Each structure stands twice: as C-alpha cells, then as structure tokens.
Amino acid sequence: MLRRSPLIAALFGLVAVLLWAPAPPPAVAAAACAVRAPGASAAAERAVAAACEQVAAGVWYTWGGGHGAKPGPTYGQVDPTDPASEHDPERLGFDCSGLVRHAYAKATGEDLLNGVAGAQYYTHRAAQRFTAEQSLAPLVPGDLLVWGTSQKLHHIALYLGDGRMVEARQSGTKLMVSDVRLGGGYFGAVRVDPGPVTGHVFRTWGTGVWTKAQPSVKAARVYAFPGPTTIRVRCQKHAETVTADGYTNDAWSYLPDYRAWVTNIYIQGPAWLDGVPTCTV
C-alpha cells in the first residue's frame, strides 16, 4: 500500500479546502458602497442606494451606456479614442452620466438628469453648486462630483461621504467605489433638488450653442449646449445685436445655472421672453 508523506497529505487537504470552500462574496467594494456620512436628503440617499445596487451586481462600464429612451443599463459603443472599449457593445452597463441618470431616476421616479455630464452639472434642478476650492467639506452623500472645465465636463460621479464616491470610470472596468480625486481636473460639485422647478424655465434649440461670459458674441465662451436643453432664465436685457440662423435680435438672457448669457435667438419663444424681468445690471 502506497503511503503519502505528511507534506503531500497536507497539500491534498489544502486543495480540497480550496475546491469546496464557498466563493467569496461578490464585492468587498460593494460592501463599501453606501451612504457614509449624514446630511443627505432622502432622495439623495435613495440615489446612492440605486447606484450601489449596480456595483453589487457587478455591472460593467460601457461607453454610451445608460442613455437609452429610458434610464437603465444599455449596451455600449466603441469609443474611437479608447482601445479598451472594443468589448463595450457586448456589455450591458453604464457610462458615468448614464449611471447618474439611472440613480436619480430610480430615486425619484422621474428622468431628472437625462444628458451628459455637462448637462447634469448645469441642470436647472440644482439646489447648490460647489467649487473645487471648497473641496469636500460642504458636500453630502448624493452630491454630484464633476471633472473637466466649464467648457467641457467629461466625468461625473456620486459622492458617498467620507472622501469616497461611486462611479462608472472607464472601459474595461466594472462600476466601482473610489477615493475622490481632487486633482486631475476636479471642477466642483452640484446638489440636485428633485422638487418643483423654480424660476422662469425655457427650452433652447439648435446644437453647439455657446453661452457667453457677457452678452456679446466676442465674450469668452462658457459652455456649449450639445442639443436642445431645458434652462432657467433669471432676467433679460437689450445688448449686442446678433444675426444667426436667419434671425436678428438684440435680447440676451442671463442663465444663473451657467453664470452666463445666451442670445434669445436660441431660446424657444418670442424675441423678448414673456414674464421674464429686465436685468438691472
């Protein structure tokens, strides 16, 4: 009879333990995905929970994912600038803004944040905005963190509290919990108000329409509307005359969410907007 050495027996025992041991829970990272500080609204906490559900499920980042007719995961697209995205069309998931859209839709029952990162940061449903210089001190869970410049915001994530965030980061990875990156183009944050919209609300038309730092076509560019966008208008004034797309108008509107101006030519409605006061400065 062949006898095993104690070492071989021990190795066989170890293999048996590894083969029959239960698999580890799907995400140590998912366990860390939760509201990690006080102060958030009930809706914001539900948004965090909705995003964390997707982390726990092991959902992939997919470029363009989450931007279907309704909120929720969709198959992605190939990002021509990122070789790692070659499998995104095969993966059901979210990109960064798709995840944010899904989280707040699940939290509120309304598609509040349908758009890319820039449109979500400049949402007319903002309760408050925070600059990069303010860092994380004033933030609460559910606030939206953004990276980029005022002209192009390229990434967005949900704050969890305690310096952590949940994000759809990049192709080839799954949704994850990360430390907040305050370097590398961190721009600031916005707090979403899911309640009734206040102020004078209108809709723009056209694509690539720039807002300006002053009511003039020569003023510095602030942000370009990628397409028709819902906006809040604080006031309007007569300023530089503009001719564009077959229209001429000297009326400009101030948009408090952008801290910028846009010619009334690209706001749906009459040349001088009904019910909007004249700017005093």
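Computed from a predicted model, the values in this text were never measured in an experiment.

Novice: I tried to follow helix α4 (residues 96-108) on my own but got confused; where do I start?
Specialist: Residues three or four positions apart in an α-helix share a direction because the helix packs 3.6 residues into each turn. Compared with an ideal rise of 1.5 Å per residue, which puts 13 residues at 18 Å, α4 spans 19 Å between its outermost C-alpha atoms and is within 8% of the ideal. For α4, the tally of buried residues reaches 11 of 13 residues, placing the bulk of the element in the interior. Residues of α4 that are buried include every one of C96, S97, G98, L99, V100, R101, H102, A103, Y104, A105 and A107, and no others. Directly beyond the C-terminal end of α4, a positive phi value near 80° is found at G109.

Novice: Even after reading the chapter, I still don't get the environment of P38, so can you show me in this structure?
Specialist: Here P38 shows up in the loop between α2 (28-31) and α3 (42-56). By relative accessible area, P38 is classed as exposed at 70%. For the pair P38 and D162, spaced 124 residues apart in sequence, the C-alpha separation works out to 9.9 Å.

Novice: What is the right way to read unusual backbone geometry from this model?
Specialist: Residues other than glycine seldom take positive phi values, yet D162 does so here, at roughly 55°. The residue D162 is located in the loop between β6 (153-161) and β7 (164-167) in this model. The exposure class assigned to D162 is exposed, which follows from its relative accessible area of 56%. In this model, R259 sits at a positive phi of 50°, which is unusual for a non-glycine residue. Relative to the helices and strands, R259 resides in the loop between β15 (247-255) and β16 (260-263). The exposure class of R259 is exposed, given its relative accessible area of 64%.

Conventions we followed
- Residues numbered from 1 in each chain as written.
- Predicted model: local features only at pLDDT ≥ 70, side-chain atom pairs only at ≥ 80, totals over all residues.
- Heavy atoms only, no water.
- Helix = DSSP H or I, 4+ residues; strand = E, 2+ residues; numbered from the N terminus.
- Expected span 1.5 Å × (residues − 1).
- Buried < 20%, exposed > 50% of the residue type's maximum accessible area, 1.4 Å probe, protein only.

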